[in-house]
Amino acid sequence: MNPAPARQFKTDAGRMSRDLRHRELIQVALGKYSVIRDRTRSAYQDWESARDGASAIKTEAVGHLDEYLKEFAQKLEDRGTKVHWASHPEQAREIVLNLIREKKARCVVKSKSMTTEEIHLNEALEKEGFEVVESDLGEFIVQLRKEAPYHIVFPAMHLTRGEISDLFARELGSPPTTNPEDLTMTARRVLRRKYIEADIGLTGANFGVAETGMISITENEGNARLTCALPKVMITLMGIEKIVPRLEDLALFLPMLAAVGTGQPISCYNSFYGGPRQPGEADGPSEFHVILLDNGRTRLLADPEQRDALHCIRCGGCLNVCPIYRNVGGHTYGTTYSGPIGSVITPHFRGLQQWKHLSYASSLCGACTQICPVKIDLHHHLLQNRRNASRQKPSFLESLAFRAFAVLINSPGLYRFSKTLGRFFQRFHPLVKGSTLDPARAWTRTRDLPPIARQTFKEYWRTRQ
Amino acid sequence: MPAADRMRVTLFIPCFVDLMYPKVGISIVHILERLGHTVECPEDIACCGQPAFNSGYWEEARAVAGKTLRRLKDAETVVIASGSCGAMLKVFYQELFAGTSDAPAAKELAGKVFEFSDFLVTRLKVEDLGARFPARVTFHDGCHGLRELRIKHQPRRLLSQVRGLELVEMPEEVCCGFGGTFAAKFPMISTAMGEVKCAQAARTGAEYIVSNDSSCLMHIQGLLDRQGSSVKTIHLAELLAHT
């Protein structure tokens, strides 16, 4: 029996693949994205050199992660930031909960953070009776729908304006409209009040700069700036792999993140946070906490073959180009990180046997590897996951089938015999074609299969000799 | 042609080309012989071992690939009618046999394997084969050929010389959804991907979808037939053999 996540994936993927409305929505949205992205990339003198540069920086950062993390934490603490270390999600959640209780806080406003999704922070806070408000527009929308983000960069891309209008009318009592500006204004009216009410601002981080001890946050809406600036206490949750050695490295990463992430030359707001309000400063939070999360990342670091998966800057580029993602959609994966990068790293974070199906759910086309701005060898890692999974726990039937195939294909006599057999049986194939009795049903349910030729190539070749 | 330029080409015909698309192999034989080269075809090898390899069963894959590797050891040049099987021989054998006694042979083989269109354009520096094919066509890049072997301009150079042919490109290089065992393990996703591909091809107004990979074409044609579409698929070698 397949593990539950595999069964859920197969069921949902089957349903979504047939959902023509979803297909049209995502194909059109990502088709437009790819045109803009390519236009932006063409402004680079040499995009491939930029990728080489970005990959080299990340290789350096990940290869010396221990040193850079120490430097990063030290620099942060020097300016009065409290640095916390969390090995597991529960530890990270506990740190946040303790801070909330300590500050007697009631309401937390959040800017976009996939790392908080990874540790299921919202559910944990709400369970303890605290209010959590997502301030990124897309996240705000999916939070109202009590849904996980559909995409790591575009959390609500699976929804039409009409659906968002209905949602706002139902949940916020706003008048129906499909004008994007009006919809945004509705969200803004709710959110502006929350920024002021909130006791704590919680953010993720796009990069952590070791040299200066700074958090770098990229956004387009200005919501992260308000999340950091208005509440008295700021908490940042960051995966340990988000480190870059030097501030100047961001001169490369910020434009590349924007180019592949959204197609923009640069995102609207790129802000650096170096600590709480310093003496003599007029604003900023009075307390700043940074939580550094491992949660399986050091396991990935210990794997020399796939260590480069820690280079990921969560741009979402591999999701956008992935033909599987485009057809099954983000929720089908059942993981925090969907698409190719999710299929590569989830088995490391949450168990290979439970999550190996994602590595098989790929045509290995390599579009992900080609787009990745930090050159993660994504589709080859999917192959390695498959190899590791079947080495660890081979399927008896599959192994037997491949062994039998090897015997058959290596023996010209047996090969010829099975060809004759195939020719005999294919005469009866139309009787069962596509039905449950058809041994080739996985193929023939939706596709025709060509017959064995009257004269195969090898037979032709013999006549020539 | 001076005897020194005459090559001894070993043709590797993958199992599904042998059984279902013999014309592809025959076309390659005709083209290469017309160019003055000698073609040979080892009869006792039929598979590169990719199905087992891609499924993660490397030991089982080596049982098939090992024989192919040894049989091609003495070949001067190997030409293969599929970008996918070509990538297996040229790229993945080196991974599959890494750390085994066959590793040097895998490395040596990688240097002499060519996908068919790459062999013509890069190795033989031939682009005009005197072909004639009066039709509007679009070209589908098989992903392994495109991204593992970097074959993109080769088939287009060859097509640009075909009399009467008009090439209309699709907007994106996107997988057709075949993916080997993926097509059977996740048939619904594979089908959806194929339908997207067929729709993109249809929008170009092409009468034919051309590719250098029969496996992609088997999937695409299978869908087109089921849809009752009038668009047809044809392998590049078959098209180039039309005079």
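Model, not experiment: these values are computed from the prediction.

Participant: Account for the overall build of chain B, naming residues and giving values.
Facilitator: Scanning chain B for helices and strands turns up 13 helices and 8 strands. Relative to the compact-globule value of 18 Å for 243 residues, chain B shows a C-alpha radius of gyration of 18 Å, a close match. With the principal axes as the frame, chain B shows a C-alpha extent of 50 × 50 × 25 Å. Pairs at least 24 residues apart make up 78% of the contacts formed inside chain B by residues separated by at least 6 positions. Surface accessibility of chain B: about 8400 Å² in total, with carbon and sulfur atoms responsible for 50%. The positive charge centre, built from 27 side chains, and the negative charge centre, built from 28, are 2 Å apart in chain B.

Participant: Account for a nonpolar patch on the surface, with residues named and values stated.
Facilitator: Residues and elements named next belong to chain A. A cluster of nonpolar residues, V407, L414, F417, L421, F424, F425, F428 and L431, forms a patch on the protein surface that exposes about 830 Å² of accessible area. The element contributing the most residues to the nonpolar patch is helix α22 (residues 412–426), with 5 residues. Structurally, L414 can be placed in helix α22. With a relative accessible area of 39%, L414 lands in the partly exposed category.

Participant: Describe the confidence of the model for chain B, and please don't skip the residues or the numbers.
Facilitator: Scored by pLDDT, chain B has a mean of 96; 100% of the residues are at 70 or more. The complex model carries a pTM of 0.96, and its ipTM stands at 0.96.

Participant: With reference to specific residues and values, describe the interface of chain A and chain B.
Facilitator: Chain A puts 64 residues into the contact, and the matching count from chain B is 66 residues. Buried area between chain A and chain B, both sides added, is near 5800 Å², and the carbon and sulfur share of it is 61%. Per-residue buried area on chain A facing chain B is highest for F402, F457 and K458 of chain A; these three make up 12% of the total on that side. Linking chain A to chain B there are 7 salt bridges. Among the ionic pairs, R403 of chain A bridges to E60 of chain B, the shortest N-O distance being 3.1 Å. At the surface where chain A touches chain B, the tally comes to 33 residue pairs in polar contact (both at pLDDT 80 or more). Of the residues forming the side of chain A that touches chain B, the biggest block, 8 residues, is contributed by helix α21 (residues 396–410) of chain A. A per-class count over the side of chain A that touches chain B returns 28 nonpolar, 20 polar and 16 charged.

Participant: Help me get a handle on the sheet that holds strand β6 (residues 163–167) of chain B, residues and values and all.
Facilitator: Residue and element names in this part refer to chain B. Read across the sheet, 4 strands follow the order β6-β5-β7-β8 without closing on themselves; strand pairing throughout is parallel. The outermost strands of the open sheet, each flanked by one partner alone, are β6 and β8 (232–235). Averaged over neighbouring strand pairs, the angle between their axes works out to 40° when direction is ignored. Summarising the sheet, strand β5 (residues 132–140) and strand β7 (residues 208–211) pair through 4 bridges and their orientation is parallel. Following the sheet pairing, F139 is matched in β7 by V210. Strands β5, β7 and β8 of the sheet are contacted by helix α12 (residues 214–227), whose axis makes an angle of about 165° with β8.

Participant: Summarise the packing of aromatic side chains; cite the residues concerned and give the values.
Facilitator: Enumeration according to the criterion identifies 19 aromatic pairs over all chains in this entry. Consider the rings of F424 of chain A and F425 of chain A, whose centres lie 5.3 Å apart with planes at 75°: the pair is edge-to-face. Here F425 of chain A falls in the exposed class, since its relative accessible area comes to 52%. Ring plane angle 75° and centroid distance 6.0 Å describe the contact between W443 of chain A and F178 of chain B, whose orientation is recorded as edge-to-face.

Thresholds, definitions, all that
- As a convention, each chain's residues are numbered from 1 in the sequence order in which they are written.
- Starting at A for chains and at 1 for ligands, labels are handed out in the order in which the entities are written.
- This being a predicted model, a pLDDT of at least 70 is required before a residue's local features are given, and a value of 80 or more before pairs of side-chain atoms are given or counted; all residues contribute to the totals for chains, interfaces and linings.
- Heavy atoms from the whole structure form the basis of all side-chain values; hydrogens and water molecules are not counted.
- Runs of E in the DSSP output that reach at least two residues are strands. Runs of H or I that reach at least four are helices, and both are numbered from the N terminus.
- In this treatment the radius of gyration is a C-alpha quantity, and the globule benchmark scales as 2.2 Å times the residue count to the 0.38 power.
- Every residue pair with non-hydrogen atoms within 4.5 Å of one another is taken to be in contact.
- With residues, only the protein chains shown are counted as cover, and all accessible areas are computed by Shrake-Rupley using a 1.4 Å probe.
- Lys and Arg are tallied as positive, Asp and Glu as negative. Neither His nor the chain termini are counted.
- A single reference atom marks each charge: NZ on Lys, CZ on Arg, CG on Asp, CD on Glu.
- Patch building starts from residues that exceed 30% relative accessible area and form no salt bridge, then joins like charges within 9 Å and nonpolar side chains (Val, Leu, Ile, Met, Phe, Trp, Tyr) within 5 Å.
- Between Lys or Arg on one side and Asp or Glu on the other, a salt bridge is scored when a side-chain nitrogen of the former is within 4 Å of a carboxyl oxygen of the latter.
- Between buried and exposed lies partly exposed: a residue is buried under 20% and exposed over 50% of the maximum accessible area for its type, with that area taken using a 1.4 Å probe on protein chains only.
- The quantity known as pLDDT measures the predictor's confidence residue by residue, on a range of 0 to 100.
- As used here, buried area is the combined drop in accessible area, with a 1.4 Å probe, of two parts when they are placed together.
- Nitrogen and oxygen atoms within 3.5 Å of one another constitute a polar contact, given that in protein one can donate a hydrogen and the other can accept it, and given that sequence-neighbouring residues count only through two side-chain atoms.
- When residues are sorted by character, Ala, Val, Leu, Ile, Met, Phe, Trp, Tyr, Cys and Pro go into the nonpolar class, Asp, Glu, Lys and Arg into the charged class, and all the rest, Gly among them, into the polar class.
- Note on pairing: two strands pair once DSSP finds at least 2 bridges between them.
- Convention adopted: a line fitted to C-alpha atoms gives each axis, helices being fitted over their contacting stretch, and angles between N-to-C directions are expressed from 0 to 180 degrees.
- Here is the rule: rings of Phe, Tyr and Trp (six-membered ring for Trp) pair when centre to centre is within 6.5 Å. Planes less than 30 degrees apart are stacked, more than 60 are edge-to-face, and the remainder are tilted.

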